[in-house]
Amino acid sequence: IGAAARVSSRAAVGVSFSSYLDRTWETVASSLQQFGQDSVTLTTRYSSSGAINDLRAAFGWAFSDALHVGTAFHVYTGENRLKINWDFPDAAPFGDVTENSTLSYSGSAVSLGADWRVVKHWAIAAYGRTGGAARMHIGDTLISRGNMPDHIGVGVKYDGSQGTVVAAGWER
């Protein structure tokens with residue numbers, strides 16, 4: 001989701017909100033377990049729901065009709081709700097057990113991009129993002145810190161054949 005507005009004949013600003021990393025999944029396994037003299041089928045369910053999201057504020061400038069440059073500041077935020085359920089059959093003398101944890105994430109990055117129409121029908125684009133600090137908490141306890149990953153990419157486009165656009169890109 002995003003919005004942008006031209007603020008002059010050469011400048012534009014924008015904001016966007018998107019999912020950066022969705023971590024929603026579930027897996028279930030059943031096995032026969034021995035508890036003292038009793039054997040029961042135990043169903044174990046592992047699940048995660050949530051994502052890391054990217055809130056971005058951007059600024060772009062048109063140096064000419066052929067050269068456009070933009071930069072953005074990214075704020076990453078989100079959480080994952082982790083759950084483990086141990087489900088016993090109704091006939092078992094045991095109650096079900098559930099364990100919950102919530103991981104919360106925060107981080108930042110800066111990106112820069114440009115596109116240049118080299119000659120008529122040919123354009124080149126390049127972009128990069130450098131990751132800032134990233135943190136992961138359980139409750140109010142910091143459990144990990146690192147950096148958001150760096151990212152670069154380039155592309156080329158040809159639109160000189162009527163009704164056809166050919167493009168290629170590389171990113172890492």
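Our subject is the structure listed above.
Residues numbered from 1 in each chain as written. Predicted model: local features only at pLDDT ≥ 70, side-chain atom pairs only at ≥ 80, totals over all residues. Heavy atoms only, no water.

Novice: Tell me about the layout of surface pockets, and please be specific about residues and values.
Specialist: Here the largest pocket is characterised by a volume of approximately 270 Å³. Around the largest pocket, the lining is made up of 21 residues, and of these F59, G60, W61, V69 and G70 lie nearest the centre. For the lining of the largest pocket, the elements supplying multiple residues, two or more each, are β1 (2–6), β2 (11–22), β4 (38–62), β5 (67–87) and β6 (97–119). Considering every element that reaches the lining of the largest pocket, the biggest residue donor is β4, with 6 residues. Per-class residue counts for the lining of the largest pocket are 11 nonpolar, 7 polar and 3 charged. Size it by volume and the second largest pocket reaches roughly 170 Å³. (1 Å grid on protein atoms, 1.4 Å probe; cavity = no way out; pocket = protein on both sides within 12 Å on 5 of 7 lines; lining within 4 Å. Points joined across faces, edges and corners; volume = space filled by probe spheres on them. Helix = DSSP H or I, 4+ residues; strand = E, 2+ residues; numbered from the N terminus. Nonpolar A, V, L, I, M, F, W, Y, C, P; charged D, E, K, R; others polar.)

Novice: Help me get a handle on the pairing of β6, residues and values and all.
Specialist: With 20 bridges joining them, β5 and β6 adopt antiparallel strand pairing. Across the sheet, N85 pairs through a bridge with T98, a residue of β6. Bridge analysis of β6 against strand β7 (residues 122–138) gives 15 bridges, and the strand direction is antiparallel. Bridging from a neighbouring strand, V110 pairs with T130 of β7. Where β6 folds back onto β7 in an antiparallel hairpin, the turn is made up of 2 residues, including H121, whose phi is positive at roughly 75°. (Pairing = 2+ DSSP bridges.)

Novice: So what about the side chain of H74? Which residues, and what values?
Specialist: The topology assignment puts H74 in strand β5. Take H74: its relative accessible area is 3%, and that puts it in the buried class. Reaching out from H74, the side chain makes a polar contact with the side chain of S111 at a distance of 2.8 Å. Beyond its immediate sequence surroundings of up to four residues, H74 is in contact with D54, L55, R56, G107, S108, A109, V110, S111 and R129. (Buried < 20%, exposed > 50% of the residue type's maximum accessible area, 1.4 Å probe, protein only. Polar contact = N/O pair within 3.5 Å; in protein donor to acceptor, adjacent residues only side chain to side chain. Contact = heavy atoms within 4.5 Å.)

Novice: Got a sec to walk through the nonpolar core? Specific residues and values, please.
Specialist: By size, the foremost hydrophobic cluster in this structure holds 7 residues: I52, Y76, L103, Y105, A109, A134 and M148. Broken down by element, this core gets its largest block of residues, 3 residues, from β6. (Core = buried A, V, L, I, M, F, W, Y, C linked by side-chain atoms within 4.5 Å.)

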